[in-house]
Amino acid sequence: MTFNIKETIRKRRSVRTYDKRKIDADLRTEILDYADSLSNPLGPKVTFKLLDKAADPKGDKLGTYGIIKGAELYIGSKIQRAEHAPEALGYDFEKLVLFLTAKGLGTCWLGGTFNRGAFAEAMDVKDDEIFTIISPVGYIAGKMSLTEKIMRKGAGSDKRLPWDQLFFKDDFDTALTAEDAGDFAEALEMVRLAPSAVNRQPWRVLMKDGAWHFYQAGIKEDDAESVQMHRIDMGIALCHFHMAAIESGLDGEFIRKEPADVTTPQNTAYIISFVAS
């Protein structure tokens, strides 16, 4: 299935309230086939699994602490531990989320609001694998629950930081404009629209020496789980950037080449660069 990436990114939202319609066997097969076909330019392949509460012997334990209403089907993901595994997980999972959005289905990234032990058991997670993310998947209910309305308002889900706080030119004191970005302006706008844990938007992008350098901001070294979640968020942003660039006919590759002579802001770390070809 092919779909319009930028249109789908703008359409996607976190869905926490689902109706009772079942996803039929054919569509489940299509979802799993698409998930299995995914690969990413950042790290290992991600393993996905559909988890059906009704079909699983321990389905009653697959809970989300009341955050999700009406969902009976979930997608779990795991990946081998490696240097860029969290970013790779975020990249591939978001690509799957966009596919599901294009199919008319709802999803919601969940990192800490689910019964991790029960889902990890259902996913058969090994010691050398990372398991941090699941998502419900289903048909969107006609109206949001009160819980969903409160959560969206509290998280500021519909708000995004402006360009001058996210994108920079040559150094972190000079804001990048859409005119400066040229052909990549739309790809950067897709980064700006990317979802993130509690809408932290941890990505910062520096245009320098013909490349796009991605940084993670807001790092708290004493909170390893938060750092990992934000690295997954970085993968989501990288997915948006890369897919939008490809859709616009812009080629390039991801490499590890941190730019020299750049003063990095406090609590900010270099992740990876995209070099246009």
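Refer to the structure printed above.
Note that residues are indexed from 1 along each chain, following the sequence as it is written. Residue-level local features of this predicted model are given only where pLDDT is at least 70; pairs of side-chain atoms are given and counted only at 80 or more, and the full residue set underlies all totals for whole chains, interfaces and linings. As a rule here, side-chain values cover all heavy atoms of the structure and leave hydrogens and water aside.

1. Focus on the overall build of the protein chain
Logical step 1: Secondary structure elements are defined from DSSP: runs of H or I of at least 4 residues count as helices, runs of E of at least 2 residues count as strands, and each element is numbered from the N terminus. The helix and strand tally for the protein chain stands at eight helices and ten strands.
Logical step 2: C-alpha atoms define the radius of gyration in this analysis, and the globule rule sets the expected value at 2.2 Å times the number of residues to the power 0.38. Here the C-alpha atoms of the protein chain give a radius of gyration of 19 Å, agreeing with the 19 Å that 2.2 N^0.38 yields for 277 residues.
Logical step 3: When its C-alpha atoms are laid out on the principal axes, the protein chain stretches across 55 × 40 × 35 Å.
Logical step 4: A separation of at least 24 residues holds for 76% of the contacts in the protein chain among residues at least 6 apart in sequence.
Logical step 5: In the protein chain, the 37 positive side-chain charges and the 42 negative ones have mean positions that sit 8 Å from each other. By definition, residues are in contact when any of their heavy atoms lie within 4.5 Å. Under the convention used here, Asp and Glu are negative, Lys and Arg are positive, and both His and the chain ends fall outside the count. Just so you know, the charge point we use is NZ for Lys, CZ for Arg, CG for Asp and CD for Glu.

2. Here we look at the pattern of salt bridges
Logical step 1: Should a side-chain nitrogen of Lys or Arg be within 4 Å of a carboxyl oxygen of Asp or Glu, the pair is scored as a salt bridge. Using the criterion set out here, one finds ten salt bridges in the structure.
Logical step 2: Lys-6 is the salt-bridge partner of Glu-247, the closest N and O atoms lying 2.8 Å from each other. With Glu-247 in helix H8 (residues 224–247) and Lys-6 in helix H1 (residues 5–11), this pair connects stretches of sequence that are 241 residues apart.
Logical step 3: For the exposure calls, accessible area comes from a 1.4 Å probe over protein chains only, and a residue counts as buried if that area is under 20% of its type's maximum, exposed if over 50%, partly exposed in between. Classification of Glu-247 by relative accessible area gives partly exposed; the value is 32%.

3. A few points about the packing of helix H3 (residues 85–102) against H8
Logical step 1: Their axes nearest at 7 Å, the elements H3 and H8 cross at an angle of 55 degrees. The pairing of H3 with H8 is recorded here as oblique in orientation. For H3 against H8, the interelement crossing comes out right-handed. Contact residues: Pro-86, Glu-87, Leu-89, Gly-90, Tyr-91, Glu-94, Lys-95 and Leu-98 in H3; Gln-228, Arg-231, Ile-232, Met-234, Gly-235, Ile-236, Leu-238, Cys-239, His-240, His-242 and Met-243 in H8.
Logical step 2: When residues are grouped by polarity, Ala, Val, Leu, Ile, Met, Phe, Trp, Tyr, Cys and Pro land in nonpolar, Asp, Glu, Lys and Arg in charged, and all others, Gly among them, in polar. Looking at side-chain class alone, the contact of H3 with H8 contains ten nonpolar, five polar and four charged residues. Only the stretch in contact is used when fitting a helix axis, every axis being a line fitted to C-alpha atoms; angles between N-to-C directions are given from 0 to 180 degrees. Should an angle lie under 35 degrees it is considered roughly parallel, over 145 roughly antiparallel, and from 65 to 115 roughly perpendicular; all remaining angles are considered oblique. By convention, the crossing between two helices is left-handed when the near helix turns anticlockwise from the far helix through less than a right angle, and right-handed when the turn is clockwise.

4. Observations regarding the environment of Asp-19
Logical step 1: Relative to the helices and strands, Asp-19 is located in the loop between H1 and helix H2 (25–37).
Logical step 2: Since its relative accessible area comes to 24%, Asp-19 is described here as partly exposed.
Logical step 3: A sequence separation of 240 residues divides Asp-19 from Pro-259, and the C-alpha atoms of the two residues are 49 Å apart.
Logical step 4: If we ignore the near neighbours within four places in the chain, the residues touching Asp-19 are Gly-70, Tyr-139, Ile-140 and Ala-141.
Logical step 5: A polar contact is formed between the side chain of Asp-19 and the backbone nitrogen of Arg-21, at a distance of 3.0 Å. N or O atoms within 3.5 Å of each other form a polar contact, as long as, within protein, one can give a hydrogen and the other can take it, and as long as residues adjacent in sequence are counted only when both atoms are side-chain atoms.

5. Some remarks on the nonpolar core
Logical step 1: In this text, buried Ala, Val, Leu, Ile, Met, Phe, Trp, Tyr and Cys residues form a nonpolar core when linked through side-chain atoms within 4.5 Å. Counting residues in each nonpolar core, the largest one holds 65 residues, and the members touching the most others are Ile-31, Ile-75, Leu-96, Leu-188, Trp-212, Phe-214 and Phe-241.
Logical step 2: Look past the residues within four positions of Phe-214 in its chain and what remains in contact with it is Val-191, Arg-204, Val-205, Met-234, Leu-238, Phe-241, Tyr-270, Ile-271, Ile-272 and Phe-274.
Logical step 3: Core analysis: the next-biggest nonpolar cluster, separate from the first, contains 18 residues, Tyr-18, Cys-108, Ala-120 and Ala-122 among them.

6. Digging into the layout of surface pockets
Logical step 1: Computed over the protein atoms alone on a 1 Å grid, cavities are sets of points where a 1.4 Å probe fits but cannot get out and pockets are open sets with protein on both sides within 12 Å along at least five of seven lines; a residue lines them when it has an atom within 4 Å of a point. Grid points are joined across faces, edges and corners, and a volume is the space filled by probe spheres set on the points. Put simply, the second largest pocket is a space of about 200 Å³.
Logical step 2: Glu-87, Gln-216, Val-227, Arg-231 and Ile-271 are, among the 14 residues lining the second largest pocket, the residues nearest its centre.
Logical step 3: Secondary structure elements with two or more residues in the lining of the second largest pocket: H3, H8 and strand S10 (269–276).
Logical step 4: Ranked by the residues each element gives to the lining of the second largest pocket, the list is headed by H8, at four residues.
Logical step 5: When the residues that make up the lining of the second largest pocket are grouped by side-chain class, the tally is seven nonpolar, three polar and four charged.

7. Observations regarding unusual backbone geometry
Logical step 1: Positive phi, normally seen in glycine, also occurs at Val-198, with a value near 45 degrees.
Logical step 2: The backbone phi angle of Asp-261 is positive, close to 60 degrees, even though this residue is not glycine.
Logical step 3: Of note, Asp-261 is situated in the loop between strand S9 (252–255) and S10.
Logical step 4: Given a relative accessible area of 80%, Asp-261 falls into the exposed group.

8. Details of the packing of aromatic side chains
Logical step 1: Two aromatic rings from Phe, Tyr or Trp, using only the six-membered ring of Trp, form a pair when their centres are within 6.5 Å; if the ring planes differ by under 30 degrees the pair is stacked, by over 60 it is edge-to-face, and anything between is tilted. Under the definition given, this model contains 17 aromatic pairs.
Logical step 2: Relative to Phe-119, the ring of Phe-114 has its centre 5.4 Å away and its plane inclined at 90 degrees; by these criteria the two rings are edge-to-face. Exposure class is identical for Phe-114 and Phe-119. Each is buried.
Logical step 3: Among the aromatic residues, ring-to-ring pairing joins Phe-184, Trp-212, Phe-214, Phe-241, Phe-254 and Phe-274 into one connected group.

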